[in-house]
Amino acid sequence: LLKEQLPGWFAAVRSIGNPAISAYLQTLLLTGARPGEVLALRWEDVNTQWKGISIRDKVEGTREIPATPYMLHLLAALPRRNEWVFPSPTSASGCLTEPNNPHTRACKAAGLEGLTLHGLRRSFASLTEWLEVPAGVVAQIQGHKPSATAEKHYKVRPLELLRVHHERIEAWVLEQAGIVFDAKAAPGALRVVQAA
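First, a word on scope: everything that follows refers to the structure included in this document. Just so it is clear, the model here is predicted, and its values are computed rather than measured.

## Here's the deal with the overall build of the protein
In step 1: If you tally the helices and strands in the protein, you get 9 helices and 3 strands.
In step 2: When the helices and strands of the protein are listed from N to C terminus, the series reads α-α-α-β-β-β-α-α-α-α-α-α.
In step 3: Here the protein holds 196 residues, and 47% of them are scored as buried.
In step 4: Contacts in the protein between residues far apart in sequence, at least 24 positions, make up 61% of those at least 6 positions apart.
In step 5: Per element, the accessible surface of the protein, about 10,400 Å² overall, is 53% carbon and sulfur.

Structure below.
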């Protein structure tokens, strides 16, 4: 996704009738996580008190990333049908399976062809370049292996430090998409937005 494609993509994805699929796709873009990592999220992995999400990944086993304000808002609106954050009443596991078809239809409606679920992961990394976020921060959020000696052995970024950058990324993406969101309001609470 390019910066100028964000309004169309978000509008199409937010209009998907299934709230779990809509929230899943937005979470995928806003975390840069692998599609399967987001699908595997359970409610026990979401810590609203410390605003963190524990992701099971293929590199470290698990990694902790910030639960940013808009993501928490999306998750607070989802029904808690079972242990899965993104449930599906029709799948055998009770968990949503990769929603390629709804995403493809949303992309077509937005005039975007060929954007895959994994392409949303790449988009996250590319969009962070606009903000000049340190590459090591982006890699840690996405679950990439550290690529330099300093990253492997000397730089330890706690969740709070990652949050500073991740919340900035989220706010910028939402601004580019034209989404008015009050990051200081409680997740799931009604928000009063004044017309300009």
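Having seen it, we continue.
## Things to note about helix α9 (residues 159–177)
Two residues of an α-helix separated by three or four positions point the same way, owing to the 3.6 residues in each turn.
In step 1: Here α9 contains 19 residues, and its C-alpha end-to-end distance of 26 Å stays within 8% of the 27 Å for a straight helix at 1.5 Å per residue.
In step 2: Restricting attention to buried positions, one finds in α9 the residues Leu 159, Leu 162, Arg 163, His 165, His 166, Ile 169, Glu 170, Trp 172, Val 173, Leu 174 and Ala 177.
In step 3: One or two steps after α9, the chain reaches Gly 178, where phi turns positive at roughly 80°.

## What to know about the packing of aromatic side chains
In step 1: Using the criterion set out here, one finds 4 aromatic pairs in the structure.
In step 2: Between Trp 9 and Phe 10, the ring centres sit 5.0 Å apart and the planes meet at 90°, which makes this aromatic pair edge-to-face.
In step 3: Under the relative-accessibility criterion, Trp 9 is labelled buried at 0%.
In step 4: Aromatic side chains Trp 130 and Trp 172 sit 6.2 Å apart centroid to centroid with 25° between the ring planes, which places their arrangement in the stacked category. Highlighted residues: Trp 130 in the loop between α6 (117–127) and α7 (135–142) and Trp 172 in helix α9, separated in sequence by 42 residues.
In step 5: Lying over the aromatic face of Trp 130, Lys 3 brings its terminal NZ or CZ to 4.6 Å of the ring centre.
In step 6: Directly above the ring of Trp 43 sits Arg 80, whose terminal nitrogen or CZ lies 3.9 Å from the centroid.

## Considerations on the pattern of salt bridges
In step 1: A complete count under the given rule lists 7 salt bridges for this structure.
In step 2: In this structure, the salt-bridge partner of Glu 37 is Arg 63, at a minimum N-O distance of 2.9 Å. Of this pair, Glu 37 sits in helix α3 (residues 35–39) while Arg 63 sits in strand β3 (residues 61–66), and the two are 26 residues apart along the sequence.
In step 3: For Asp 45, the salt bridge is made with Arg 56, and the minimal N-O distance between the two is 2.5 Å. One end of the pair, Asp 45, is in the loop between α3 and β1 (46–47); the other, Arg 56, is in strand β2 (residues 52–57), with 11 residues separating them in the sequence.
In step 4: Overall, Asp 45 belongs to the buried group, its relative accessible area being 7%.
In step 5: When salt bridges with common partners are traced through the structure, they connect Arg 34, Glu 37, Asp 57 and Arg 63 into a single cluster.

Definitions and cut-offs
- Think of each chain on its own: its residues are numbered from 1, step by step along the sequence as written.
- Side-chain atom pairs in this predicted model are given and counted only at pLDDT of 80 or more, local residue features only at pLDDT of at least 70, and totals for whole chains, interfaces and linings cover all residues.
- Only hydrogens and water are set aside when side-chain values are computed; all heavy atoms of the structure are taken into account.
- A run of H or I in DSSP counts as a helix once it spans at least four residues, and a run of E counts as a strand once it spans at least two, with each numbered from the N terminus.
- Note on exposure labels: buried denotes an accessible area under 20% of the residue type's maximum, exposed denotes more than 50%, and partly exposed covers the range between, all computed with a 1.4 Å probe on protein chains only.
- Contact criterion: two residues are considered in contact whenever any of their non-hydrogen atoms come within 4.5 Å of each other.
- The method behind every accessible area is Shrake-Rupley, applied with a 1.4 Å probe, and residues are considered shielded solely by the protein chains displayed.
- An expected span of 1.5 Å times one less than the residue number is assigned to each helix.
- Ring geometry is summarised as follows: Phe, Tyr and Trp rings, the Trp one being its six-membered ring, pair when their centres sit within 6.5 Å, and such pairs are stacked at plane angles under 30 degrees, edge-to-face over 60 and tilted between the two.
- Lysine NZ or arginine CZ positioned within 6 Å of the ring centre and within 35 degrees of the ring normal marks a charge as sitting over the ring.
- A pairing counts as a salt bridge when a side-chain nitrogen of Lys or Arg comes within 4 Å of a carboxyl oxygen of Asp or Glu.

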